[in-house]
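The lines below spell out each chain.
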Amino acid sequence: MVSRLRELSAELRALEERLRLGGGADKIEKQHAQGKLTARERVAKLCDAGARFVEIGLLLAYDQYDGAAPAAGVVTGLGIVHGRPVVVVANDATVKAGSWWPETIKKILRAQEIAMRCRIPIIYLVDSAGVNLPYQGGVFPGQYGASRIFYYNSIMRRYLRIPQLAAVMGQCIAGGAYLPALSDLIVMVKGSSFMGLGGPNLVKGATGQTIDGETLGGAITHTQISGVAHYAVDDDEECLHKLRELVAQLPPERSPAHVAPAEGGAPPEALYDLLPSEHRMSYDMHRILSVLVDDGQLSEFQSELAKEMICADARINGIGVGIVANQRGLIKGRLGEKPRFGGIVYAESAEKVAFFIERCDRQGIPLLFIQDVSGFMVGPESEHEGVIRSGARFVEAMATARVPKIVLTVNHASGAGYYAMAGQGFDPDFIFSWPTGRMAVMEGEAAVQAVHGPAMSRATRDKERLDPDTQRAVDEMRADYEEQLDARYAAARGYVDAVIYPEDTRDVLALALRSALSNPGPHLGPFVLPSLPDA
């Protein structure tokens, strides 16, 4: 029997392969015929050979626009250039000429936020026709519309002093020209790049002047006449070489984490068989953790107390980390106590986790939350124990921790337990999910019972079938929840940064930890402005 994790991973690989083709083979061929590399080829040549590239937002919008916006027309991610972590943003000109969809803005902003959270360089590979005009309502206006990109550009340049390097490798039209203009350095490719507030056609219509694109806003114009750009190069290959050279000239990382490549406690392939085939079934989270951490070594905190929550110190590729994870299954209680349900947070476990988080925060240890949580315990006993107060302590400790917070969802992510385990609204530095991740306020069957339970109970009591309308509503709700609980659904809406595979998890987490630790903190929100009286 094929495991659920293996089956969902195979489906995801097929989807990702299709999305990475961008606009399709014919558009790729057209790009090559113009002497240009594609966005993904550019990213590969920019980054160190053989180094991991963690793509952020690959699935965003894949199930919208009738499939016309693969990856929302932009490649964003975390890579390594000359041995240091960088963020990369590369417009995909094979997708509607690299124009901006509403989700393109979301991806670029998320990439900029990662650069700000981690205080690492960001590199823009610009090749875009600007706003996708039929969808301008979701691109142009609003607090988080396209202008927010330029706000982040400005904050990074003036206050955070985060290096921003831009390469204009194709079109760079209208307001989009401010993205490179607000960067530290601009490289342009001769003959194939254009940067201007208006192209030749707009100039003709507005002023009556006839002018070609190269004279109006080409590489020679902007490096020899306007002075807007700083370097002109002959082709894409030379452009990427120049960018790598500029990265090499940057000062060293501010506070690089000590990375020591190591092995997990078992081959990563073992992870595929550690999760049960049915998401409701129990399993031992310790076995998963032992594969993810160096040499399988966990130093568990209060291991005999509140066993439904695991708190432990460990290392991932040599980087120390405090792990908070949910144990599943039925947890045997102390003498005279009822057993507890794994995946549920009780008052005692909330207090345990709050103390552990605060201790990690004081000692500067980054936090890794591994989610398989169904919520907080309900009922008179739980309420009388003060679960609301204890839950609030848990949430406050997590929300105010100044160390990096990274999230990995392996199964359930439901209810207020999802929030307490560093849900997206609490601004963790990175959020990843396995293909088995299931994010929703509750499971589908619980939702059906909450809404249609009385009608279903009456039908059972009277030994009758549900009436057709109620049965249809029940079926539709089950189908909706099953769709929305899929990790791909969450990734398509930006609720997670990436859906990652078990065998890649250690390396992805290590790169995320290393990047986040480039910023000594505090890690609160997208950025914290330093005191810069001379700015």
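Residues numbered from 1 in each chain as written. Predicted model: local features only at pLDDT ≥ 70, side-chain atom pairs only at ≥ 80, totals over all residues. Heavy atoms only, no water.

Asks: Explain the overall build of the protein here, please?
Replies: When helices and strands are tallied, the protein shows 19 helices and 20 strands. Computed over the C-alpha atoms, the radius of gyration of the protein is 25 Å, within 12% of the 24 Å expected from 2.2 N^0.38 for a compact globule of 535 residues. Per-residue burial over the protein gives 55% buried out of 535 residues. Relative to all contacts within the protein whose residues are 6 or more apart in sequence, the contacts with residues 24 or more apart total 76%. Carbon and sulfur atoms form 54% of the exposed surface of the protein, whose accessible area is close to 23100 Å². Of the side-chain charges in the protein, 55 are positive and 65 negative, and the distance between the mean point of each set is 3 Å. (Helix = DSSP H or I, 4+ residues; strand = E, 2+ residues; numbered from the N terminus. Rg over C-alpha atoms; globule rule 2.2 N^0.38 Å. Buried < 20%, exposed > 50% of the residue type's maximum accessible area, 1.4 Å probe, protein only. Contact = heavy atoms within 4.5 Å. Areas by Shrake-Rupley, 256 points an atom, 1.4 Å probe, with all protein chains shown as cover. Lys, Arg positive; Asp, Glu negative; His and termini not counted. Charge placed at Lys NZ, Arg CZ, Asp CG, Glu CD.)

Asks: Quick question: what am I supposed to make of the nonpolar core here?
Replies: Side chains of a nonpolar character, in soluble globular proteins, are inclined to be buried together. With 122 residues, the main nonpolar core has Ile357 and Phe432 as its most contacted residues. Counting residues per element, this core draws most heavily on helix α4 (residues 102-118), at eight residues. Excluding residues that lie within four positions of it along the chain, phenylalanine 432 makes contacts with Val54, Ile406, Val407, Leu408, Thr409, Asp497, Ala498, Ile500, Val508, Leu509 and Ala512. Within the second largest apolar cluster, 24 residues are counted, among which are Val81, Ile123, Leu243 and Val247. (Core = buried A, V, L, I, M, F, W, Y, C linked by side-chain atoms within 4.5 Å.)

Asks: What's the story with the packing of aromatic side chains in this structure? I'm lost.
Replies: In this description, an aromatic ring pair is defined by two values, namely the gap between the centres and the angle between the planes. The final tally for this structure, using the stated rule, is twelve aromatic pairs. Judged by centre distance (4.7 Å) and plane angle (45°), the rings of tyrosine 65 and tryptophan 101 are tilted. Remark: tryptophan 101 occurs in the loop between β3 (84-91) and α4 and tyrosine 65 occurs in the loop between β1 (54-56) and β2 (74-81); sequence separation between them is 36 residues. Each ring, one from phenylalanine 301 and one from phenylalanine 356, has its centre 5.4 Å from the other, and the planes form 40°; the classification is tilted. Here the residue phenylalanine 301 occupies a position in strand β9 (residues 299-301), and phenylalanine 356 occupies one in helix α12 (residues 347-363), the gap between them amounting to 55 residues. Phenylalanine 356 gets classed as buried once you look at its relative accessible area, which sits at 0%. (Phe/Tyr/Trp six-rings, centres within 6.5 Å; stacked < 30°, edge-to-face > 60°.)

Asks: I would appreciate a short explanation of helix α19 (residues 505-516) in the present structure.
Replies: Note: α-helices contain 3.6 residues per turn, so residues at a spacing of three or four share the same orientation. For α19, with twelve residues, the first-to-last C-alpha span of 16 Å sits near the 16 Å given by 1.5 Å per residue. Inspection of α19 places Thr505, Arg506, Val508, Leu509, Ala510, Leu511, Ala512, Leu513, Arg514, Ser515 and Ala516 among the buried residues, and these make up the whole buried set. (Expected span 1.5 Å × (residues − 1).)

Asks: Would you take a moment to explain the side chain of arginine 340 for this structure?
Replies: Within the fold, arginine 340 resides in strand β13 (residues 340-341). Relative accessible area serves as the criterion here: at 14%, arginine 340 is assigned to the buried category. Here glutamate 308 takes part through its side chain, which lies 2.9 Å from a polar atom of the side chain of arginine 340. Not counting the four nearest positions on each side in its chain, arginine 340 is found in contact with Ala306, Glu308, Gly329, Leu330, Ile331, Arg334, Tyr346 and Glu348. (Polar contact = N/O pair within 3.5 Å; in protein donor to acceptor, adjacent residues only side chain to side chain.)

Asks: For this particular structure, what's the right way to read the pattern of salt bridges?
Replies: Opposite charge on two side chains permits them to pair, given that their charged atoms come into close proximity. Summed over the entire model, instances satisfying the criterion amount to 41 salt bridges. One salt bridge connects glutamate 16 with arginine 20, and the closest N-O pair in it is separated by 3.7 Å. Of the charged contacts, one joins arginine 42 and aspartate 236 as a salt bridge, the two residues approaching to 3.0 Å between their closest N and O atoms. One end of the pair, arginine 42, is in helix α3 (residues 39-46); the other, aspartate 236, is in helix α10 (residues 236-248), with 194 residues separating them in the sequence. Three or more residues joined by partner-sharing salt bridges are found here, namely Arg110, Glu113, Arg117, Asp427 and Asp497. (Salt bridge = Lys/Arg side-chain N within 4 Å of Asp/Glu carboxyl O.)

Asks: Explanation requested: the pairing of strand β17 (residues 405-414) in the structure shown.
Replies: The two faces of a sheet get side chains in turn, since along a regular strand they alternate between them. The buried fraction of β17 amounts to ten of the ten residues, a majority that puts the element mostly inside the structure. When strand β15 (residues 367-373) meets β17, the two strands line up parallel, connected through six bridges. Bridge assignment links leucine 367 to a residue of β17, and that residue is lysine 405. Across four bridges, the pairing between β17 and strand β18 (residues 430-433) is parallel. Following the sheet pairing, leucine 408 is matched in β18 by phenylalanine 432. Crossover handedness for the path β17 to helix α15 (residues 415-420) to β18: right-handed. (Pairing = 2+ DSSP bridges. Right-handed = clockwise from strand over helix to strand, strands pointing away.)

Asks: Just to check I follow, could you spell out the packing of α12 against helix α14 (residues 387-400) for this structure?
Replies: To characterise two packed helices, one gives the angle between the axes of the helices and the distance between these axes. Between α12 and α14, whose axes approach to 8 Å, the crossing angle comes to 20°. In terms of axis orientation, α12 runs roughly parallel to α14. When you trace α12 past α14, the crossing you get is left-handed. Between α12, through Ala347, Ala350, Glu351, Val353, Ala354, Phe355, Ile357, Glu358 and Asp361, and α14, the contact on the second element is made entirely by Val387, Ser390, Gly391, Arg393, Phe394, Ala397, Met398 and Thr400. Residues that form the contact of α12 with α14 fall into these classes: ten nonpolar, three polar and four charged. (Axes fitted to C-alpha atoms, helices over the stretch in contact; angles between N-to-C directions. Parallel < 35°, antiparallel > 145°, perpendicular 65-115°, else oblique. Left-handed = near helix turned anticlockwise from the far one by under 90°. Nonpolar A, V, L, I, M, F, W, Y, C, P; charged D, E, K, R; others polar.)

Asks: Teacher, can you tell me more about unusual backbone geometry here?
Replies: One can expect most non-glycine residues to show negative phi and most peptide bonds to be in trans. For the peptide bond that leads from glycine 521 to proline 522, omega is 5°, which places it in the cis range. Look at alanine 422: it is not a glycine, yet its phi comes out positive at around 65°. Its location among the elements puts alanine 422 in the loop between α15 and β18.

Asks: Would you mind going over the packing of α4 against helix α5 (residues 147-160) with me for this structure?
Replies: The interhelical angle for the contact between α4 and α5, taken along N-to-C directions, is 15°, at an axis separation of 9 Å. Considered as vectors, α4 and α5 are oriented roughly parallel to each other. The two elements α4 and α5 cross, and the hand of that crossing is left-handed. Every residue of α5 that contacts α4 at Ile105, Ile108, Leu109, Gln112, Glu113, Ala115 and Met116 is listed here: Arg148, Ile149, Tyr152, Asn153, Ile155, Met156 and Leu160. Here the contact of α4 with α5 is composed, by residue class, of ten nonpolar, two polar and two charged.

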